[in-house]
Amino acid sequence: MPAQPSPRPDYLPPTAFVKTWASPLGNMLLAAHDAGLMGVWFEGQKHYPALQQSGESGANEPTHPLLRETQAQLQAYFNSRLSCFDLPLDLQSGTLFQQSVWQALAGIPPGKTISYALLSQQLGRPTATRAVAAAVGRNPLSIVVPCHRVVGSNGSLTGYAGGLERKAALLQLEQHTL
């Protein structure tokens, strides 16, 4: 039997507005639409979206107000002037389970970390650590929804779609911000 396609493939709908931005940790793709910010990815990271669906692609719109505000807040974050983001988010690209995990990630305070196992327990799913880890890895809003704050049970840096070097750099930045 062939594998079933995922309910939310890694693509941006043609209604998305996109912008690329050169962050201190590498180029990033920012994506938004009317419902809010839908993506912040490091170029080439795992689950980086395809920009086309059925021959169409999102509009390159570097002046879109939400994309400009996202860039401004990310720049303030990298300059240690911002620790929490205030942006309208659209998490609809994920399943209900993924959305619940991403919402939980948003509650991890800057400068703090949590293990995948503890996050699973907090979600009321203590035996679903692997599923929680997979949902963390599919977070479409790098940095803004802080999946980099999730670590292994022994405190080790594991599983960051943008690369472990970036995860370490983000955690280091947050330690200096506090």
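Preceding this paragraph is the structure being described.
The next point concerns the side chain of Gln-99. Mapped onto the fold, Gln-99 is located in helix H2 (residues 96-105). What Gln-99 contacts, discounting residues up to four positions off in sequence, is Leu-91, Gln-92 and Gly-94.

What follows concerns H2. Two residues of an α-helix separated by three or four positions point the same way, owing to the 3.6 residues in each turn. The complete set of buried residues in H2 reads Gln-98, Gln-99, Val-101, Trp-102 and Leu-105. Relative to the axis of H2, the buried residues are bounded by an arc of 160° and lie together on one face. In H2, the exposed positions angled more than 90 degrees off the buried face are occupied by Leu-96 and Gln-103. On its buried face, H2 sits against helix H3 (116-122), helix H4 (129-137) and strand S8 (150-151).

The next thing to look at is the pattern of salt bridges. A full pass over the atoms with the stated rule returns one salt bridge. Put simply, Arg-149 and Glu-174 hold a salt bridge, and the shortest N to O gap is 2.9 Å. Residue Arg-149 is found in the loop between H4 and S8, and its partner Glu-174 is found in helix H5 (residues 164-177); the two are separated by 25 residues along the sequence. Of the two residues, Arg-149 and Glu-174, both sit in the buried class.

For the rest of this paragraph, the subject is the nonpolar core. Leu-37, Leu-105, Val-136 and Ile-143 are the most contacted members of the largest nonpolar core, which totals 34 residues. Listed by contribution, the elements that provide at least two residues to this core are strand S2 (26-33), strand S3 (36-42), helix H1 (65-78), H2, H3, H4 and H5. Considering every element that reaches this core, the biggest residue donor is H1, with five residues. Setting aside chain neighbours within four positions, we find Leu-37 in contact with Ala-31, Ala-32, Leu-66, Leu-67, Thr-70, Leu-87, Pro-88, Leu-89, Asp-90, Leu-141 and Val-144. Within the second largest apolar cluster, seven residues are counted, among which are Leu-12, Ala-16, Leu-29 and Ala-31.

About the thresholds
- Throughout this description, residue numbers start from 1 for each chain and increase along the sequence as written.
- Totals for whole chains, interfaces and linings use all residues, but because this is a predicted model, local features are given only for residues with pLDDT of at least 70 and pairs of side-chain atoms are given and counted only at 80 or more.
- Just so you know, side-chain values use all the structure's heavy atoms and leave hydrogens and water out.
- Secondary structure elements follow DSSP: runs of H or I no shorter than four residues count as helices, runs of E no shorter than two count as strands, and numbering proceeds from the N terminus.
- In what follows, a contact means two residues having at least one pair of non-hydrogen atoms within 4.5 Å.
- A simple rule labels every residue: compare its accessible area, found with a 1.4 Å probe on the protein chains alone, to the largest value its type can have, and call it buried under 20%, exposed over 50%, or partly exposed in between.
- Relevant arc is that of directions from the helix axis to the C-beta atoms, nothing else.
- Criterion for a salt bridge: a side-chain nitrogen of Lys or Arg within 4 Å of a carboxyl oxygen of Asp or Glu.
- For our purposes a nonpolar core is just a set of buried Ala, Val, Leu, Ile, Met, Phe, Trp, Tyr and Cys residues, chained together by side-chain atoms within 4.5 Å.

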